[in-house]
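Residue-level structure breakdown
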Amino acid sequence: MKNRSKMPSSLSKLIITKFIVGGIFLIGLILICIFFNDKMFLALAPGAFAMFILGDAVVTLYNCLTDNYVVVEGKCIEIETTRIKKRIKSVCLDTRKGRVRVIVHFKLNTVGSGDYVTVYMPLSASVYEHNREFVVNEYYAVDIVRKT
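Read on for a plain summary of the structure. Numbering of residues starts from 1 in each chain and follows the order in which that chain's sequence is written. It should be noted that, the model being predicted, local features are given only for residues of pLDDT at least 70 and side-chain atom pairs only at 80 or more, the latter also being counted only at that level, while totals for whole chains, interfaces and linings use all residues. Processing note: side-chain calculations cover all non-hydrogen atoms of the structure and skip hydrogens and water entirely.

Right, let's talk about helix 1 (residues 9-35) for a bit. Compared with the 39 Å implied by 1.5 Å per residue over 27 residues, the 39 Å span of helix 1 between its first and last C-alpha is a close match. Along helix 1, the residues that are buried comprise Ser10, Leu11, Ile15, Lys18, Gly22, Leu29 and Ile32. Buried residues along helix 1 sit in contact with helix 2 (44-65), strand 1 (69-81), strand 4 (116-122) and strand 7 (141-145). Helix numbers and strand numbers start at the N terminus; a helix is a DSSP run of H or I with at least 4 residues, a strand a run of E with at least 2. Expected helix span is given by 1.5 Å per residue-to-residue step, counting one fewer step than there are residues. Only protein chains enter the calculation, and the probe is 1.4 Å; a residue is then buried if its accessible area is under 20% of its type maximum, exposed if over 50%, and partly exposed in between. Contact definition: two residues touch when any of their heavy atoms are within 4.5 Å.

A few words on the side chain of lysine 18. Structurally, lysine 18 is set in helix 1. Residue class for lysine 18 comes out buried when judged on its relative accessible area of 18%.

Time to look at the packing of aromatic side chains. The relative placement of two aromatic rings is captured by the distance of their centres and the angle of their planes. Aromatic pairing here means that ring centres of Phe, Tyr or Trp (its six-membered ring) are within 6.5 Å. Orientation follows from the plane angle: under 30 degrees is stacked, over 60 is edge-to-face, and everything else is tilted. Throughout the structure, instances matching the rule amount to 3 aromatic pairs. Their ring planes at 70° and their centres at 6.1 Å tell us that tyrosine 69 and tyrosine 120 sit as a pair that is edge-to-face. Placement of the pair is tyrosine 69 in strand 1 and tyrosine 120 in strand 4, with a sequence separation of 51 residues. Here tyrosine 69 falls in the buried class, since its relative accessible area comes to 1%. Judged by relative accessible area, tyrosine 120 falls into the buried class, the value being 8%.

Consider a sheet: its strands pair through backbone hydrogen bonds, and that pairing is either parallel or antiparallel. With mixed pairing, 7 strands are arranged side by side in an open sheet as 5-6-3-2-1-4-7. The open sheet has two edge strands, strand 5 (127-130) and strand 7, and neither has a second partner. Recorded for the sheet is a direction-independent mean angle of 35° between the axes of neighbouring strands. Each of strand 1, strand 4 and strand 7 touches helix 1; the most contacted strand, strand 7, lies at about 140° to it. A strand pair is defined by DSSP finding two or more bridges across the two strands. To obtain each axis, a line is fitted to C-alpha atoms, and for helices this fit is confined to the stretch in contact; angles are then taken between N-to-C directions over 0 to 180 degrees.

We call a set of buried residues a nonpolar core when its members are Ala, Val, Leu, Ile, Met, Phe, Trp, Tyr or Cys and they connect through side-chain atoms within 4.5 Å of each other. By size, the foremost hydrophobic cluster in this structure holds 17 residues, and its most contacted members are Val91, Leu93, Val111, Val117, Val119 and Tyr139. Once residues lying within four places of it in the same chain are set aside, the contact partners of valine 119 are Val70, Val71, Val72, Leu93, Val102, Tyr139 and Ala141. Counting residues in hydrophobic clusters, the runner-up holds 7 residues, among them Tyr69, Tyr120, Tyr140 and Ala141.

A few words on the pattern of salt bridges. By salt bridge we mean one thing: a side-chain nitrogen of Lys or Arg within 4 Å of a carboxyl oxygen of Asp or Glu. As enumerated under the stated definition, the model contains 7 salt bridges in all. For lysine 89, the salt bridge is made with glutamate 80, and the minimal N-O distance between the two is 3.6 Å. Since its relative accessible area comes to 34%, lysine 89 is described here as partly exposed. Residue classification places glutamate 80 among the partly exposed residues on the basis of a relative accessible area of 32%. Put simply, arginine 101 and glutamate 80 hold a salt bridge, and the shortest N to O gap is 3.7 Å. With arginine 101 in strand 3 (residues 98-103) and glutamate 80 in strand 1, this residue pair connects regions lying 21 residues apart in the sequence. Residue classification places arginine 101 among the buried residues on the basis of a relative accessible area of 11%. Three or more residues are tied together by salt bridges with common partners; here these are Glu78, Glu80, Lys89, Arg99, Arg101 and Glu133.

In structure tokens form, the structure reads like this:
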């Protein structure tokens, strides 16, 4: 594993977003406790969400600071989309070790065939082999460099 001196911007953006969302739920929990102190059961949902999101943010931050993630870089050779909405379902990358198919979980419209894609995924991510391709279903962030 390479020694990384600086965390990539997409990972730092992900961690900051997780801390902000967790903080918003924490503020909601505090406001519910202040204004509805006779109905404390209303605070269970934002409290659970805040604990889950902030815990996930801390684990992600720890993994990124201790370099417990894998970087997969490759050229996009195929994009699988849905039939009606044309939303991207998966992206197939050509890497040095073979083909890697990344299942997309969020809106990713900026990738095109021939672009260079970098995927950051935890060491604990499950990687499956299907039709001589590695299939990745869990990742932290995706960086895309457009072809020129």
